[in-house]
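Spelled out from the first residue to the last, the chains are:
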Amino acid sequence: MAQEHVQIFDTTLRDGEQVPGCKLDTKSKLIIAERLDILGVDIIEAGFPVSSPGDFNSVVEISKLVKNATVCGLTRAVENDIKVAAEALTHAKRPRIHTGIGTSESHIKFKFNSNKEAIIERAVAAVTYAKSFVEDVEFYAEDAGRTDNEFLARVCEAVVKAGATVLNIPDTTGYCLPEEYGAKIKYLKENVTGIHKAVLSCHCHNDLGLATANSIAGIMNGARQIECTINGIGERAGNTSLEEVVMIMRQHPYLDLDTNINSKLLYPTSLLVSESMGMMVQPNKAVVGANAFAHSSGIHQDGVIKNRETYEIMDPHDVGVTESAIVLTARSGRAALAYRAKNVGYELDKLQLDKVYQEFLKLADSKKEINDEDIPVIIKASNIGLV
Ligand code: KIV
Ligand code: ZN
């Protein structure tokens, strides 16, 4: 069976850039946008054009630069936002306007002091107006995660009728459980008349650490677009991490879902975004963290040296990491020490290794990590005659 395509909608330059202290200038945004295009994302959300002249200009320049991906601009359900976004996207080969409004009780009451009928009217008016500029209009039902499914379905049906091509179902506050979010997507698939005319999209935040799990639940229930960011950056605890969802689909082929992403560019792209934004990636971050392919306990190291697959479910080369790392610490065993010593030119027999290992433990107890330069020092101290 042919694998179905899941569109990757990258919002590193919009939701990702909302991280305090991570504002990028247009030049850096252009470098990242070009990389995202090469990486193979389907849609680049380039910014929120009405929010500032700088953002407007970035969307204009990204629209001129990007060759393959759709370029998208965010708006509220406000005429002027939509007009300004359309203007910023004039040069895009494939422009998309992303408009929407809050649909949860809390947003309707506290943000808009409005009611359900008026919200549907504004949603339809926004989509209709956006359609007067571009064919591709995505609608977001902000706080859909906490919106009751029946009302959400009514909103979706109305905006699809008005011409929305994509329905974004954001778990804006990162509240949903995977089963709940998956059931929401399923409910919309089964209860919105005309749903076949639109693509359902997952946009999940990570407040409870569930953004990736929720997005995967969404695609397993019929969504065909995931909104995500490199390194999972974004508002508060961040967005769904692009590298995680891409590799989950790759590593689980029975899902029969895949993306256009060139996974070998994931790690270099992660580095580029982290360096440009001055935002470090946590070492234990899945797929791209510094420790994602590092093994430090003796039991694991012994297994990996015998066969990488004993403790690795992904080949590091597949995500652009040069090799797995065998880290030498006081928890390491003889196999790891012999392996690392061999890498720097010392082939140790069993007796030699026993002696060197005792010296190694002495140093390892006083140092967090033993590096290549320490190895000849340890070998010399063990008096085996090699140094
Ligand atoms: O999280 C959210 O709801 C959003 C929308 C503006 C799409 O970022
Ligand atoms: Zn968001």
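Here, the structure is the one placed above.
Report on the accompanying structure.

As for the overall build of the protein
- Secondary structure assignment for the protein yields 14 helices and 12 strands.
- Across its three principal axes, the protein shows a C-alpha extent of roughly 85 × 40 × 40 Å.
- In the protein, which comprises 387 residues, the share counted as buried stands at 53%.
- In the protein, 72% of the contacts between residues at least 6 apart in sequence involve partners at least 24 apart.

Things to note about the layout of surface pockets
- Taken as a whole, the largest pocket spans an internal volume of roughly 390 Å³.
- Lining the largest pocket are 24 residues, and of these Arg14, Leu74, Tyr140, Glu142 and Thr172 lie nearest its centre.
- At the level of secondary structure, the elements contributing two or more residues to the lining of the largest pocket comprise β5 (95-102), β6 (136-142) and β7 (166-171).
- Among the elements that take part in the lining of the largest pocket, β5 stands out by supplying 4 residues, more than any other.
- Looking at the lining of the largest pocket, its residues break down into 7 nonpolar, 9 polar and 8 charged.

Looking at the side chain of threonine 147
- In this fold, threonine 147 is placed in the loop between β6 and α6 (149-161).
- Owing to a relative accessible area of 4%, threonine 147 belongs among the buried residues under this scheme.
- A distance of 3.2 Å separates a polar atom in the side chain of threonine 147 from the backbone nitrogen of serine 104.
- For threonine 147, the contacting residues outside a window of four places in its chain are Thr103, Ser104, Glu142, Leu152 and Lys184.

What about the nonpolar core?
- Judged by nonpolar contacts, the single largest core of 88 residues is most densely connected at Ile8, Val41, Phe139, Leu167, Ile169 and Leu242.
- Among the elements that take part in this core, α6 stands out by supplying 8 residues, more than any other.

As for the coordination of the zinc ion (ligand 2)
- Protein coordination at the zinc ion (ligand 2): the donors are Asp15 (OD), His203 (NE2) and His205 (NE2), at 2.0 to 2.1 Å from the metal.
- One chain supplies every donor for the zinc ion (ligand 2), spaced along it as D-x187-H-x1-H. Here aspartate 15, found in the loop between β2 (7-10) and α1 (26-39), pairs with histidine 203, found in strand β8 (residues 199-204); they are 188 residues apart in sequence, far enough to count as distant.
- In this structure aspartate 15 comes out as buried when scored by relative accessible area, which is 3%.

Rules used in this analysis
Residues numbered from 1 in each chain as written. Chains lettered and ligands numbered in written order. Predicted model: local features only at pLDDT ≥ 70, side-chain atom pairs only at ≥ 80, totals over all residues. Heavy atoms only, no water. Helix = DSSP H or I, 4+ residues; strand = E, 2+ residues; numbered from the N terminus. Buried < 20%, exposed > 50% of the residue type's maximum accessible area, 1.4 Å probe, protein only. Contact = heavy atoms within 4.5 Å. 1 Å grid on protein atoms, 1.4 Å probe; cavity = no way out; pocket = protein on both sides within 12 Å on 5 of 7 lines; lining within 4 Å. Points joined across faces, edges and corners; volume = space filled by probe spheres on them. Nonpolar A, V, L, I, M, F, W, Y, C, P; charged D, E, K, R; others polar. Polar contact = N/O pair within 3.5 Å; in protein donor to acceptor, adjacent residues only side chain to side chain. Core = buried A, V, L, I, M, F, W, Y, C linked by side-chain atoms within 4.5 Å. Donors = N, O, S within 2.8 Å, 3.2 Å for Na, K, Ca; no water.

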